[in-house]
Amino acid sequence: MTEQARRPLPHDFHPPVPAFTVVSDDVSPGAALKDDQVFAAGNTSPHLRWEGFPEGTRSFAVTCYDPDAPTGSGFWHWVVFDIPASVTELPSGAGTGNFVGMPAGAVQVRNDYGSFDFGGAAPPPGDGPHRYVFTVYAVDAEKLGPDAGASPAVVGFNLRFHTLGRAQLIGEYEAPAAG
């Protein structure tokens, strides 16, 4: 296992909560992301579907995080919250900035690229495989609290105190060394 693979995930520091299931037509656990989920190739958020979340769930949040980014703080590729509890699936491409496929009321905050959408995988060439952690949070409130101007850290802070359950799906992507 590489040094990168041992880096913690963002929710490793949160209180334990029950797990539930998230699956995708576009991302397979531990497998390489498809070109559609790569920044330079497709930059398309993957399809996600979840089930088995705890009773009392009033909304959901979805994030995509690369703990292996060489930043000292990882890299947030996508953060969306206030997804109504009646929504248990996002279609491929829902994370675009124009909200096509995103349920009414959902809020996307600025990712670490600086845009309000899904930003695909883009590890430095030759940096080895990076993990892309897609997490669905079952939330105990219809509205998490922050607005679209919040940072991913502020959203994560609020999720720490309002998460009833969590599901994750991890894909990988590696950019070959130049030359």
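Preceding block: the structure.
Computed from a prediction, not measured in an experiment: that's the story for all the values here.

Novice: Help me get a handle on the pattern of salt bridges, residues and values and all.
Specialist: Scanning the model with the defined rule gives three salt bridges in all. Across the salt bridge formed by arginine 49 and glutamate 89, the nearest N and O atoms sit 3.6 Å from each other. Taken together, the residues arginine 49 in strand β2 (residues 48–51) and glutamate 89 in strand β5 (residues 89–90) connect sequence positions 40 residues apart. Arginine 58 is the partner of glutamate 142 in a salt bridge, and the nearest nitrogen-oxygen pair spans 3.0 Å. Of this pair, glutamate 142 sits in the loop between β7 (130–139) and α1 (152–162) while arginine 58 sits in the loop between β2 and β3 (59–66), and the two are 84 residues apart along the sequence.

Novice: Tell me what's going on with the packing of aromatic side chains, and back it up with residues and numbers.
Specialist: A full pass over the atoms with the stated rule returns nine aromatic pairs. Between phenylalanine 118 and phenylalanine 134, the ring centres sit 6.3 Å apart and the planes meet at 25°, which makes this aromatic pair stacked. You can see phenylalanine 118 sitting in the loop between β6 (107–108) and β7 and its partner phenylalanine 134 sitting in strand β7, a full 16 residues away along the chain. Side by side, phenylalanine 118 and phenylalanine 134 carry an identical accessibility label, which is buried. Between phenylalanine 157 and phenylalanine 161, the aromatic rings sit 5.1 Å apart at their centres with planes inclined by 65°, giving edge-to-face as the arrangement. Taken as a pair, phenylalanine 157 and phenylalanine 161 lie in helix α1 at a separation of four residues, close to a single helical turn.

Novice: Got a sec to walk through the sheet that holds β5? Specific residues and values, please.
Specialist: What the three strands build is an open sheet, ordered β1-β2-β5; its pairing is antiparallel. With partners counted over all chains shown, the strands left at the sheet margins are β1 (21–23) and β5, one partner each. Bridge count between β2 and β5: two bridges; the pairing is antiparallel. Its bridge partner being in β5, leucine 48 is matched across the sheet by leucine 90.

Calculation rules
Residue positions are given per chain, counted from 1 along the sequence in the order it is written. The predicted nature of this model means local features are confined to residues of pLDDT at least 70 and side-chain atom pairs, given and counted, to a pLDDT of 80 or more, with totals for whole chains, interfaces and linings taken over all residues. Heavy atoms throughout the structure, all of them, feed into the side-chain values; hydrogens and water do not. Salt-bridge detection follows one rule: a side-chain nitrogen of Lys or Arg within 4 Å of a carboxyl oxygen of Asp or Glu. Per the convention used, a helix needs a DSSP run of H or I reaching at least four residues, while a strand needs a run of E reaching at least two, with both numbered from the N terminus. Geometry of aromatic contacts follows a simple scheme: Phe, Tyr and Trp rings, the Trp one being its six-membered ring, pair when their centres are within 6.5 Å, and the pair is stacked under 30 degrees between planes, edge-to-face over 60, tilted otherwise. Per-residue accessibility, obtained with a 1.4 Å probe over protein chains only, is compared with the maximum for each type, and a residue is labelled buried under 20%, exposed over 50%, and partly exposed between these values. Two strands are said to pair when DSSP picks up at least two bridges between them.

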